[in-house]
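# Architecture and fold: a report
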Amino acid sequence: RGGTLPILMGSALLFGMEHLGYWAQSYWPLPVEAYLHALSMVAAGICFGFFRHTSRSLSVPIIAHILANGVILLFQ
């Protein structure tokens, strides 16, 4: 399973980059906060990828993502 880590990191990077789109709709050039947000989303992507890999189910990371978004909404 030597390809697991590169795939996990690649998908986490894409997850983080995707979240820059929200900032790009409102700000250009992107503020430093946008890049910090993207880095935190890379970390979240690593967690979600780890959940997917260890559980062998897509339901687990989907539920984790829903719960994470719910917590974010509660504290906004």
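The text that follows walks through the structure, step by step, so that each part is easy to find. (Residues numbered from 1 in each chain as written. Predicted model: local features only at pLDDT ≥ 70, side-chain atom pairs only at ≥ 80, totals over all residues. Heavy atoms only, no water.)

### Considering the overall build of the chain
When its secondary structure is counted, the chain shows 4 helices and 0 strands. Scanning the chain from its N terminus toward the C terminus, one meets helices and strands in the order α-α-α-α. Expressed as lengths along the three principal axes of its C-alpha atoms, the size of the chain is roughly 40 × 30 × 15 Å. Across the 76 residues in the chain, those meeting the buried criterion constitute 21%. Considering only residue pairs separated by 6 or more positions, the chain has 48% of its internal contacts joining residues 24 or more positions apart. Accessible surface for the chain amounts to roughly 5800 Å². Of this, 72% is attributable to carbon and sulfur atoms. (Helix = DSSP H or I, 4+ residues; strand = E, 2+ residues; numbered from the N terminus. Buried < 20%, exposed > 50% of the residue type's maximum accessible area, 1.4 Å probe, protein only. Contact = heavy atoms within 4.5 Å. Areas by Shrake-Rupley, 256 points an atom, 1.4 Å probe, with all protein chains shown as cover.)

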